[in-house]
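Residue-level structure breakdown
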Amino acid sequence: MSPLTTHLDGMALWAPSLPGWEQARAVLRGEAGPADPPHPIPLPAQLPRAERRRMPQTAALSLAAADEAIRSSGHDPASLLAVFASAHGDLPVIDQLCRTLVHTPTQLSPTRFLHSIHNAPAGQWSMLARNGLANTAVSGAAHSFAHGLLEALVQCTAEQQPVLFVAYDTAAVGALTHTTASQGELAVALVLSPRPGSTTRARLEWHLSAVEASIPAPTWPAAQALRLNAMAPALPLFEALALTGPASLGWPLSRHQSLQLNITF
């Protein structure tokens, strides 16, 4: 199929060792080292203190990346469609709920249950951004980043509207470590636009292919240190964006189809 074109207006990457795109970009270019000690996940300053304390880790992580990407893009957050992707959702909250059900089921917290729902971070972002437009939550196991990116690219092209794409995952804890392979915290965000503008950083040409692809792996040491996070397939894209040189990447969507992306600056 013929490639389609989407424009990249804003980007963000947040991990405790790479707290924000400016530092991450410098580290991925070999111009600086990872944060030492690692940074705690920031909490949204606009929330009251009591709500900040209750905010789950995944929401804080994804909102940190979303906020930075939107600020760098120059778009009004209330004008953006949104796609949020996570392979596993909020694993710490799910573990806590399971332990409560086993030991003290009558003390199960309705608030914590709401935090465990897969689209909870998307909902919290839409409320903080005062955004009443559609948002989508995507999960596709090991291919969650690719499926989320494809959904955002399709929405941007089909609706001819800018789209916020946020992808995030945290570490498995408790009994979930026996069934779920994810370590550390990582969130990335992109603001995609159907047309180039004053803040456009890159041009993305993309298409689907029947050619089988392998999940891309990061190459720089700081990115490789995050390779055990479920959202690690995003890292090669951000390595390419940091280096600002033409790049071609592909992610499997299934055993029979892949997403192919060409990046130019």
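Each residue is numbered by its place in its chain's sequence as written, counting from 1. Under the rules for a predicted model, residues below a pLDDT of 70 receive no local features and side-chain atom pairs below 80 are neither given nor counted, while totals for whole chains, interfaces and linings still include all residues. Each side-chain value is derived from all of the structure's non-hydrogen atoms; neither hydrogens nor water enter the calculation.

1. Quick notes on the packing of helix α1 (residues 21-28) against helix α9 (residues 235-243)
In this analysis an axis means a line fitted to C-alpha atoms, helices contributing only their contacting stretch, and an angle means the value between N-to-C directions, from 0 to 180 degrees. In this description a helix means any DSSP run of H or I spanning at least four residues, a strand means any run of E spanning at least two, and both kinds are numbered starting from the N terminus. Remark: α1 packs on α9, axes separated minimally by 9 Å, with the N-to-C direction vectors making an angle of 85°. Classified by the interaxial angle, the pair formed by α1 and α9 is roughly perpendicular. Of the residues in α9, those in contact with Trp21, Arg25 and Leu28 of α1 are Phe238, Glu239, Leu241, Ala242 and Leu243. Residue polarity follows a fixed list, in which Ala, Val, Leu, Ile, Met, Phe, Trp, Tyr, Cys and Pro are nonpolar, Asp, Glu, Lys and Arg are charged, and the others, Gly among them, are polar. Each residue belonging to the contact of α1 with α9 can be placed in one class, and the counts come to 6 nonpolar, no polar and 2 charged. These descriptions rest on fixed angle ranges, namely under 35 degrees for roughly parallel, over 145 for roughly antiparallel, 65 to 115 for roughly perpendicular, and the rest for oblique. Two residues qualify as a contact provided that any one of their heavy atoms is within 4.5 Å of a heavy atom in the partner residue.

2. Looking at the nonpolar core
Note on terminology: a nonpolar core comprises buried Ala, Val, Leu, Ile, Met, Phe, Trp, Tyr and Cys residues joined through side-chain atoms within 4.5 Å. Buried residues are those whose accessible area, probed at 1.4 Å on protein chains only, stays under 20% of the maximum for their type, while exposed residues exceed 50% and partly exposed ones sit between those limits. Membership of the largest hydrophobic core comes to 49 residues, with the highest contact counts inside it found for Phe145, Leu190, Leu237, Leu241 and Ile263. Excluding anything up to four places from it in sequence, Leu190 contacts Leu8, Gly10, Met11, Ala69, Leu149, Val163, Leu164, Phe165, Leu237, Phe238 and Leu241.

3. Some points on helix α6 (residues 120-128)
Among all positions in α6, only Ala120, Pro121, Ala122, Gln124, Trp125 and Ser126 are buried. The first or second residue beyond α6 is Arg130, which carries a positive phi of 55°.

4. Re the packing of helix α3 (residues 57-73) against α6
Running from amino to carboxyl end, α3 crosses α6 at an angle of 50°, the nearest separation of the two axes being 9 Å. The orientation of α3 relative to α6 falls into the category oblique. Relative to α6, α3 is oriented so that their crossing is right-handed. Each of Thr58, Ala59, Ser62, Leu63, Ala66 and Ile70 in α3 lies in contact with α6, whose residues at this interface are Pro121, Gln124, Trp125 and Leu128. By residue class, the composition of the contact of α3 with α6 is 7 nonpolar, 3 polar and no charged. Should the near helix be turned counterclockwise from the far one by less than a right angle, the crossing is left-handed, whereas a clockwise turn marks it as right-handed.

Taken by themselves, the reported measurements are silent on function.
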